[in-house]
Amino acid sequence: MVLAQSDYPITVWDTNTKKEITFRYVTFEQDFDRLHSWMHQDHVIPFWNLDKPRAEYASHLKRFLANKHQQLLIGEIDGQAMSYWESYIVSQDLIRHYYDYEKGDQGIHLLIGEPNYLGKGFIYPLMLTLMKRMFEVPETKRIMAEPDIRNEKMIYVFEKCGFQQLKTVDLPDKTAMLLYCQQEVFESRWNAWIQGEF
C-alpha cells in the first residue's frame, strides 16, 4: 500500500467558506523557515515539542522528508500557506504497536501555523479535503489520529470530521487519544459538508 501521491498540488474550491484550498508538498528550501517559525508558536509548542534551534530542526525536517512512508504537506487558503500536515502509513509507524492495525491504515498529523487562521473554521474543509484524498488509496478503509490527550480542541475537530475514540495510549513523547475514522463514516461527513449541513 502506498499513499496517493499523484496530482499534487491539489486545489479545490470550497463552497462553504468561499475559499480556494491547496495542498502541496513541503520542500526544504521553500518551507524550512516557515515551519521552524510555526514550531515556535505558543499554540504549537506544547503539542509538537519541536521548538528546536535551527540546525536541530533542519536535521529533523530533512529526515522526515527522506521518509518514503509519509507525506509532508503545506495547506494553503487562497494561496496563503497557513497549515502543516503529515499523512503516513501506519504499518511503518510506531503507532502500529498500540492497536490492531490493518494493512491499508493511514494516519494524520496537523497544525495551523499562522495564528490569524485559528478559530475560524478553516480546519474543517482542509481536513476533509485531505482525508478524501487519503481514502482514494484503494487499500485504505480507516484513518488514524493520535492527538495529545490535553489537546481537547483538536480532539473535538477530529470527532466532528468523523473520528471516534478508541483508547488512550502512552507514546514515547505524549499521552495520546487514539482515534479512528472509517471510510463510510467519513463519506457521510463529507456529504454533509458539501450540502452545507455539517
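Residues numbered from 1 in each chain as written. Predicted model: local features only at pLDDT ≥ 70, side-chain atom pairs only at ≥ 80, totals over all residues. Heavy atoms only, no water.

Asks: Would you mind showing me how to read the environment of I45 here?
Replies: One can find I45 in helix α2 (residues 45–48). When neighbours within four sequence positions are excluded, I45 is seen to be in contact with M39, H40 and D51. (Helix = DSSP H or I, 4+ residues; strand = E, 2+ residues; numbered from the N terminus. Contact = heavy atoms within 4.5 Å.)

Asks: Just to check I follow, could you spell out the packing of helix α4 (residues 123–134) against helix α5 (residues 152–160) for this structure?
Replies: The axes of two packed helices give the description: the angle between them and the distance between them. One way to put it is that α4 packs onto α5 with a least axis distance of 10 Å and a crossing angle of 55°. One way to sum up the angle between α4 and α5 is to call them oblique. Of the two possible hands of crossing, α4 and α5 adopt the one that is right-handed. Contact residues: α4 offers I123, Y124 and M127, while α5 offers M154, Y156, V157, F158 and K160. Residues of the contact of α4 with α5, tallied by class, amount to seven nonpolar, no polar and one charged. (Axes fitted to C-alpha atoms, helices over the stretch in contact; angles between N-to-C directions. Parallel < 35°, antiparallel > 145°, perpendicular 65-115°, else oblique. Left-handed = near helix turned anticlockwise from the far one by under 90°. Nonpolar A, V, L, I, M, F, W, Y, C, P; charged D, E, K, R; others polar.)

Asks: Explanation requested: the nonpolar core in the structure shown.
Replies: Note that soluble globular proteins tend to have their nonpolar side chains buried in a common cluster. Among the nonpolar cores identified, the biggest contains 36 residues, and F23, W85, I108, M127, M131, F158 and F163 are the most heavily contacted of them. No other element matches the eight residues that α4 contributes to this core. The contact partners of W85, leaving out residues within four places of it in the chain, are F23, Q71, L72, L73, G75, I108, H109, L110, I123, L126, M127 and L130. Counting 16 residues, the second-largest nonpolar core is a separate cluster that includes L50, Y57, A58 and L61. (Core = buried A, V, L, I, M, F, W, Y, C linked by side-chain atoms within 4.5 Å. Buried < 20%, exposed > 50% of the residue type's maximum accessible area, 1.4 Å probe, protein only.)

Asks: Would you mind going over the sheet that holds strand β4 (residues 80–89) with me for this structure?
Replies: With respect to topology, eight strands assemble into an open sheet ordered β1-β2-β3-β4-β5-β6-β8-β7, the strand pairing being mixed. The outermost strands of the open sheet, each flanked by one partner alone, are β1 (10–14) and β7 (164–171). Each strand axis lies, on average, 25° off the axis of its neighbour in the sheet, ignoring direction. Pairing of β7 with strand β8 (residues 174–182) involves seven bridges; the strand directions are antiparallel. Bridge pairing in β8 places L171 opposite K174. (Pairing = 2+ DSSP bridges.)

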